[in-house]
2 protein chains.
Amino acid sequence: MSASTDASPARRGRPGYDRGQVLAVAVGLFNEQGYDATSVADLASRLGLTKSALYHHFDSKEQLLALALAEALDSLEGVLDEPEGSAGDPAERLGAVLRGAVRVLVDKLPYVTLLLRVRGNSDVERAALERRRAFNHRVTALVAEAQRAGQIRADVDGAVATRLVFGMVNSIVEWYRPGGPVDRERLAHDVVAVALDGMRTR
Amino acid sequence: MSASTDASPARRGRPGYDRGQVLAVAVGLFNEQGYDATSVADLASRLGLTKSALYHHFDSKEQLLALALAEALDSLEGVLDEPEGSAGDPAERLGAVLRGAVRVLVDKLPYVTLLLRVRGNSDVERAALERRRAFNHRVTALVAEAQRAGQIRADVDGAVATRLVFGMVNSIVEWYRPGGPVDRERLAHDVVAVALDGMRTR
């Protein structure tokens, strides 16, 4: 077990799986049977590894959860930091943020699915919820800026509208399947079209 | 246990709780700790009843689940059958259905929350998912009718738009708390405003 304190991914690799592959299998299993209900033994069995070989890759189940949630959160926060999300016309920036969030959701579907199921049962989960809240606050601030600029309607509460529109985006994890009939860019277009301009013809 | 086959609500009542109250406590507990993880003993303990007193009210845990899901589904289907949801201008009918769905969600929050967590692990759950799908198909048909009438934009896929808008409505269970700052009618207004006309000023 001394290797478990060696943080170098290259040193910790095992023939057959790298750390990213182990993480991907873990996330799939957490989504399938629930994080709390998944044991390290279940994961080792799914990978065809012994528990001690698995501990060569990762220190704990919670470390896998933390890495998986960071994968989703880093990507979502990255959308707000991209040039199109952080400069220019506020309504256009909001559109870029929504498009970017849909792309992250599609590209990292299992990671975002796991993130959205987190309920705050541990320090790792509570830290992830705190990052989600901070993300929502940044989007709400962008909506408020667009309202002050007269681009977003003032008769709808900005914080409620942000929750509703991200509820729409997040609901995609419930039904979207990569390789299915709905293409990622088409979906990003439809979300921005409905959220910003509504279903009704103008 | 002979009384457990007596279907009359009046005969099955016990001082302290009627069947509706037992059902409400069960739904709260299912939402709190998960349906699968909740035992009849947990429920009896929460109610301060013996298991056999509880079986005087209900035949099984699954019967409680079936009744709870029917409570949510009957109400949602009722929205489509109401006059404003079933006759007249298709875009106005769609608005009435969305408003009605938000009202059901707020009025029956624990029941709809339970419904939205169902994953198809039993016949009762699969039947509930089938009723949800049939509901979605009826709404998608209404969207298609409004598209043919030129009232709903044709550049967005009707089935995708229906999923997105109900994703928005359903996400309300994640954050809405009765008695909080957001009033039911205000929320229904905001959902219809965003879904039909979008966040952007016209």
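Residues numbered from 1 in each chain as written. Chains lettered and ligands numbered in written order. Predicted model: local features only at pLDDT ≥ 70, side-chain atom pairs only at ≥ 80, totals over all residues. Heavy atoms only, no water.

Here the focus is the overall build of chain A. If you tally the helices and strands in chain A, you get 11 helices and 0 strands. Put simply, chain A runs from its N terminus to its C terminus through helices and strands in the order α-α-α-α-α-α-α-α-α-α-α. Considering only C-alpha atoms, chain A reaches an extent of 60 × 35 × 30 Å along its principal axes. Buried residues in chain A amount to 49% of all 202 residues. A separation of at least 24 residues holds for 66% of the contacts in chain A among residues at least 6 apart in sequence. (Helix = DSSP H or I, 4+ residues; strand = E, 2+ residues; numbered from the N terminus. Buried < 20%, exposed > 50% of the residue type's maximum accessible area, 1.4 Å probe, protein only. Contact = heavy atoms within 4.5 Å.)

A pair of packed helices is captured by two measures, namely the crossing angle of their axes and the spacing between those axes. Residue and element names in this part refer to chain A. Between helix α2 (residues 19-33) and helix α8 (residues 109-117), whose axes approach to 9 Å, the crossing angle comes to 45 degrees. Looking at the two axes, α2 sits oblique to α8. For the crossing formed where α2 meets α8, the hand is left-handed. Note on element contacts: α8 touches α2 through Pro 110, Tyr 111, Thr 113, Leu 114 and Arg 117, opposite Leu 23, Ala 24, Val 27, Phe 30 and Asn 31. Partitioning the contact of α2 with α8 into residue classes produces 7 nonpolar, 2 polar and 1 charged. (Axes fitted to C-alpha atoms, helices over the stretch in contact; angles between N-to-C directions. Parallel < 35°, antiparallel > 145°, perpendicular 65-115°, else oblique. Left-handed = near helix turned anticlockwise from the far one by under 90°. Nonpolar A, V, L, I, M, F, W, Y, C, P; charged D, E, K, R; others polar.)

Following the UniProt record, the feature "domain: HTH tetR-type" (unreviewed entry) maps to residues 16-76 of chain A here. Span residues 16-76 of chain A is 75% helix and 0% strand, its end C-alpha atoms 30 Å apart. (UniProt positions renumbered as here; feature names shortened; annotations may be inferred.)

If you look at the interface, chain A gives 39 residues, while chain B gives 39 residues. Where chain A abuts chain B, roughly 3,700 Å² becomes buried across the two surfaces, and 58% of that area is made up of carbon and sulfur atoms. On the chain A side of the contact with chain B, A:Leu164, A:Met199 and A:Arg200 bury the most area, a combined 23% of that side's loss. There are 24 residue pairs in polar contact (both at pLDDT 80 or more) connecting chain A and chain B. Only α7 (90-107), α10 (158-170) and α11 (184-197) of chain A provide two or more residues apiece to the side of chain A that touches chain B. Per element, the largest residue contribution to the side of chain A that touches chain B is 10 residues, and it comes from α11(A). Residue composition of the side of chain A that touches chain B, by class: 20 nonpolar, 7 polar and 12 charged. (Buried area = accessible area lost by both parts, 1.4 Å probe. Polar contact = N/O pair within 3.5 Å; in protein donor to acceptor, adjacent residues only side chain to side chain.)

This part takes up the pattern of salt bridges. Residue and element names in this part refer to chain A. Per the stated rule, a full pass over the model turns up 32 salt bridges over all chains. Of the charged contacts in the structure, one is a salt bridge between Asp 74 and Arg 131, with a shortest N-O distance of 2.7 Å. In this pair, Asp 74 is assigned in helix α5 (residues 61-81) and Arg 131 in helix α9 (residues 123-148), connecting sequence segments 57 residues apart. Looking at Asp 74, the relative accessible area reads 47%, which means it is partly exposed. Several salt bridges converge on common partners, so that one network encompasses Arg 103, Asp 107, Arg 184 and Glu 185. (Salt bridge = Lys/Arg side-chain N within 4 Å of Asp/Glu carboxyl O.)

Moving on to the side chain of B:Asn31. Within the element layout of this structure, B:Asn31 appears in helix α2 (residues 19-33). With residues up to four places along the chain from it excluded, the contact list for B:Asn31 reads B:Pro110, B:Thr113, B:Leu114 and B:Arg117.

Okay, the nonpolar core next. Side chains of nonpolar character tend, in soluble globular proteins, to be buried together. Counting residues in each nonpolar core, the largest one holds 133 residues, and the members touching the most others are A:Leu94, A:Ile172, A:Leu187, A:Met199, B:Ile172, B:Leu187 and B:Met199. Ignoring sequence-local partners within four residues, the contact set of A:Leu94 consists of A:Val139, A:Leu142, A:Val143, A:Ile152, A:Leu196 and B:Met199. (Core = buried A, V, L, I, M, F, W, Y, C linked by side-chain atoms within 4.5 Å.)

As a further point, take the UniProt feature "DNA-binding region" (unreviewed entry) in chain A. Mapped onto this structure's residue numbering, the UniProt feature "DNA-binding region" (unreviewed entry) falls at residues 39-58 of chain A. The distance separating the terminal C-alpha atoms of residues 39-58 of chain A is 14 Å; by composition the span is 75% helix and 0% strand.

We now examine the packing of aromatic side chains. Scanning the model with the defined rule gives 6 aromatic pairs over all chains in all. Ring geometry for B:Phe30 versus B:Tyr35: centroids 4.9 Å apart, planes at 80 degrees, classification edge-to-face. The exposure classification of B:Phe30 matches that of B:Tyr35, with both residues buried. Considering the side-chain rings of B:Trp175 and B:Tyr176, the 6.1 Å spacing of their centres and the 70 degrees angle between planes classify their relative orientation as edge-to-face. Accessibility expressed as a relative area gives 5% for B:Tyr176, which makes it buried. Of note, A:Lys61 hangs over the ring of A:Tyr35, and the distance from its end group to the ring centre comes to 4.2 Å. (Phe/Tyr/Trp six-rings, centres within 6.5 Å; stacked < 30°, edge-to-face > 60°. Lys NZ or Arg CZ within 6 Å of the ring centre and 35° of its normal.)

Residue and element names in this part refer to chain A. Tracing the sequence through the fold places Arg 19 in helix α2. Separated by 95 residues in the primary sequence, Arg 19 and Leu 114 place their C-alpha atoms 18 Å from one another. Of note is the side chain of Arg 19, whose polar atom sits 3.2 Å from the backbone oxygen of His 57.

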